[in-house]
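A look at the structure
Listed here are the chains, written in short residue letters.
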Amino acid sequence: MSDKLTVAEQLVTRLREQHRHIAVAESLTGGLVAKKITDVPGASEVFECGICSYSNRIKHAVLGVSEATLSEYSEYSHACAREMAQGVRNLAGADIGVSTTGLAGPGGGTPEKPVGTVYVGISTENDTKSYCLSLGSDLNRSEIRELSAEKALLLALEALRMPT
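Now for a description of the structure that goes with this document. Starting from 1, residues in each chain are numbered consecutively following that chain's sequence as written. Since the coordinates come from a predicted model, pLDDT governs what is reported: local features require at least 70, and pairs of side-chain atoms require 80 or more to be given and counted, while whole-chain, interface and lining totals use all residues. Excluded from the side-chain calculation are hydrogens and water; included are all heavy atoms of the structure.

1. Quick look at the sheet that holds strand β2 (residues 47–52)
- Note on pairing: DSSP must find at least two bridges between two strands before they are called paired. By the criteria applied, helices consist of DSSP H or I runs no shorter than four residues and strands consist of E runs no shorter than two, each listed in order from the N terminus. One open sheet holds the five strands; their spatial order is β2-β1-β3-β4-β5, and the pairing between them is mixed. The open sheet has two free edges, formed respectively by β2 and β5 (128–134), since each of these has just one partner strand. Mean inter-strand twist for the sheet, computed between neighbouring axes without regard to direction, equals 15 degrees.
- Where strand β4 (residues 117–124) lies against β5, seven bridges are found, and the strand directions are antiparallel. Bridged to Thr-117 within β5 is Ser-134.
- Each of β1 (22–26), β3 (96–102), β4 and β5 touches helix α6 (residues 141–161); the most contacted strand, β4, lies at about 25 degrees to it. To obtain each axis, a line is fitted to C-alpha atoms, and for helices this fit is confined to the stretch in contact; angles are then taken between N-to-C directions over 0 to 180 degrees. We call two residues in contact when some of their heavy atoms are within 4.5 Å.

Set out below in structure tokens:
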């Protein structure tokens, strides 16, 4: 694949080559990951669905994030990101599920989880993982969301490079 392709283009190409499908569950990015994927021609062959699960009620009712996870770890956590990614993958019957959750600001941060703390979940048939991004509070809300979406796409692409 050419380095001139965007990460989303590379992801759609890889999914098409592998005859695999993707679904996304987004909180922090509010649909930006899904938009980037569906902006790519041919995405309809590989994109199953995008769920914008901004509220904890939807995270629980639609994606199956446990009440225990939300109360013990919060919606800004590794556990929530993993459950969101696995939940959307299961819901859509997709090969890979991707999730984003975190603090884009400008408010809401704490010393333990400052603005710019982002969790990305990646769920495949073999494994479900989460990654914490510390993007820093010097970025604005739009920059945090954009960087988070790009990193989520990159992590999904990397997951597709793993042996199945």
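2. Brief notes about the layout of surface pockets
- Its volume calculated, the second largest pocket comes out at about 190 Å³.
- Taken together, 14 residues make up the lining of the second largest pocket; nearest its centre are Ser-27, Tyr-54, Tyr-76, Gly-102 and Leu-103.
- Classification used: nonpolar for Ala, Val, Leu, Ile, Met, Phe, Trp, Tyr, Cys and Pro, charged for Asp, Glu, Lys and Arg, polar for all others including Gly. Its residues placed into classes, the lining of the second largest pocket shows five nonpolar, six polar and three charged. With a 1 Å grid spanning the protein atoms alone, the term cavity applies to any set of points in which a 1.4 Å probe fits but cannot get out, the term pocket to an open set with protein on both sides within 12 Å along at least five of seven lines, and the term lining residue to any residue with an atom within 4 Å of a point. Grid points are joined across faces, edges and corners, and a volume is the space filled by probe spheres set on the points.

3. So, unusual backbone geometry
- With an omega of 10 degrees, the peptide bond between Gly-105 and Pro-106 qualifies as cis.
- Positionally, Pro-106 belongs in the loop between β3 and β4.
- Phi angles above zero are rare outside glycine, and His-19 is one such case at about 55 degrees.
- Inspection of the secondary structure puts His-19 in the loop between α1 (7–18) and β1.
- Of the residues examined, His-19 reaches a relative accessible area of 67% and is grouped as exposed.
- Positive phi values are uncommon outside glycine, yet Ser-74 reaches one of about 85 degrees. Accessible area is worked out with a 1.4 Å probe on protein chains only. A residue is then buried under 20% of its type maximum, exposed over 50%, and partly exposed in between.

4. Observations regarding the packing of α1 against α6
- At a minimum axis distance of 9 Å, the contact between α1 and α6 shows a crossing angle of 30 degrees. On the basis of their axis angle, the class for α1 and α6 is roughly parallel. α6 is crossed by α1, and the crossing has left-handed handedness. Here Val-7, Ala-8, Gln-10, Leu-11, Arg-14, Leu-15 and Gln-18 of α1 come into contact with α6, specifically with Glu-150, Leu-153, Leu-154, Ala-156, Leu-157, Leu-160 and Arg-161. Note that the term roughly parallel is reserved for angles under 35 degrees, roughly antiparallel for angles over 145, roughly perpendicular for angles of 65 to 115, and oblique for everything else. Helix crossings fall into two classes, left-handed where the near helix is turned counterclockwise from the far one by less than a right angle and right-handed where it is turned clockwise.

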